Amino acid sequence: MLSDGSSGKRKGFPPGQKPIKRLLRWGKDHPTIEGSVPKIDLRKWILTIEGEVKKPIKLSWNDLLKLPIVESVSDFHCVEGWSVLDLKWEGIRFKHIVNMIEPEDTVKFVSFECADGYTTSLSLEELLGDNILLAYKLDGKYLEEGTGAPLRLVVPDKYAYKSAMWITRIKFTSRKEIGYWESRGYSDTADIWKNDRFLR
Ligand SMILES: Nc1nc2c(c(=O)[nH]1)N[C@H]1C(S)=C(S)[C@@H](COP(=O)(O)O)O[C@H]1N2
Ligand SMILES: [Mo]
């Protein structure tokens, strides 16, 4: 398996964060935006990847498992001030998806839609790093429903509200679509190193 070689090389600790032992399990340790964790049947789950792209695709769970798997170790930082260190994520490198769907030259942003109605977005450029994954395993095990099963985004250098859980649709766009928390007062840049927590 390919690794991004980041393991163990922490580049300091972002301001205003405190480590805790493990991720929160949404639905148990933390409420979800719609009340309960979305029920996802893996036999019916489809990941739709579309927008301004030359080759839109729909992937079933089995299709997804056939794509090349990579691992990346990173820290996870929630804007509420907690961090979980050294998480080993495994999944598909986001860049691989970009190469598969061939975005049009007009594309500047990518929106993520989730089974709980949550949304977030990032610039395409921010998603090309080797540590940006569509992850389906954490520390050697398939994700649990409370941590985003079957598939979540991992963007280590952004506050965790960019790391969309329960993804169902990915859309490549020329216009920015503002996400759920980003339209409720949280920073759209969400840079953990710059302490970009709130809209200014
Ligand atoms: N679909 C979806 N993704 C989401 C959220 C959400 O409410 N819905 N919350 C975000 C926030 S604020 C955090 S801190 C992380 C939590 O991930 P964890 O359960 O693995 O700790 O998921 C992010 N992704
Ligand atoms: Mo969060």
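Preceding this section is the structure that the text describes.
Residues numbered from 1 in each chain as written. Chains lettered and ligands numbered in written order. Predicted model: local features only at pLDDT ≥ 70, side-chain atom pairs only at ≥ 80, totals over all residues. Heavy atoms only, no water.

Concerning the overall build of the chain
Thinking step 1. Within the chain, the regular secondary structure consists of 2 helices and 12 strands.
Thinking step 2. The linear arrangement of helices and strands in the chain, starting from the amino end, is β-β-β-β-α-β-β-α-β-β-β-β-β-β.
Thinking step 3. Here the C-alpha radius of gyration of the chain, 16 Å, is about what a compact globule of 200 residues would show, namely 16 Å.
Thinking step 4. The C-alpha extent of the chain, read off along each of the three principal axes, is 40 × 40 × 35 Å.
Thinking step 5. On the chain, roughly 10000 Å² of surface is accessible, and the fraction owed to carbon and sulfur atoms is 52%.
Thinking step 6. Of the side chains in the chain, 32 bear a positive and 29 a negative charge, and the two mean positions are spaced by 3 Å. (Helix = DSSP H or I, 4+ residues; strand = E, 2+ residues; numbered from the N terminus. Rg over C-alpha atoms; globule rule 2.2 N^0.38 Å. Areas by Shrake-Rupley, 256 points an atom, 1.4 Å probe, with all protein chains shown as cover. Lys, Arg positive; Asp, Glu negative; His and termini not counted. Charge placed at Lys NZ, Arg CZ, Asp CG, Glu CD.)

Overview of the site of ligand 1
Thinking step 1. Surrounding ligand 1, one finds 18 residues, the nearest of these being Leu24, Asp116, Arg152, Ser163 and Met165.
Thinking step 2. Take leucine 24: an N or O atom from its main chain is 2.8 Å from an oxygen atom of ligand 1.
Thinking step 3. Between ligand 1 and the protein, one listed contact pairs an oxygen atom with a side-chain N or O atom of tryptophan 26 at 3.4 Å.
Thinking step 4. Calculation on ligand 1 without its partners gives an accessible area of 540 Å², and the protein chains cover 98% of this total.
Thinking step 5. A breakdown of the residues in the shell around ligand 1 according to their chemical character gives 13 nonpolar, 3 polar and 2 charged. (Near = heavy atom within 4 Å. Polar contact = N/O pair within 3.5 Å; in protein donor to acceptor, adjacent residues only side chain to side chain. Nonpolar A, V, L, I, M, F, W, Y, C, P; charged D, E, K, R; others polar.)

Re the nonpolar core
Thinking step 1. Ranked by internal contacts, the top residues of the largest apolar core, which has 57 residues, are Trp89, Phe94, Phe112, Leu153, Ile170 and Phe172.
Thinking step 2. With sequence-adjacent residues up to four places away left out, isoleucine 170 is seen in contact with Leu47, Thr48, Ile49, Glu50, Phe94, Val110, Ser111, Phe112 and Leu134. (Core = buried A, V, L, I, M, F, W, Y, C linked by side-chain atoms within 4.5 Å. Buried < 20%, exposed > 50% of the residue type's maximum accessible area, 1.4 Å probe, protein only. Contact = heavy atoms within 4.5 Å.)

Describing the environment of tryptophan 26
Thinking step 1. Mapping tryptophan 26 onto the fold places it in the loop between strand S2 (18–19) and strand S3 (46–51).
Thinking step 2. Each C-alpha atom, one on tryptophan 26 and one on glycine 146, is 4.4 Å from the other, the two residues being 120 residues apart in sequence.
Thinking step 3. Not counting residues up to four positions away in its chain, the partners in contact with tryptophan 26 are Pro31, Thr32, Val37, Trp82, Gly146, Met165 and Trp166.

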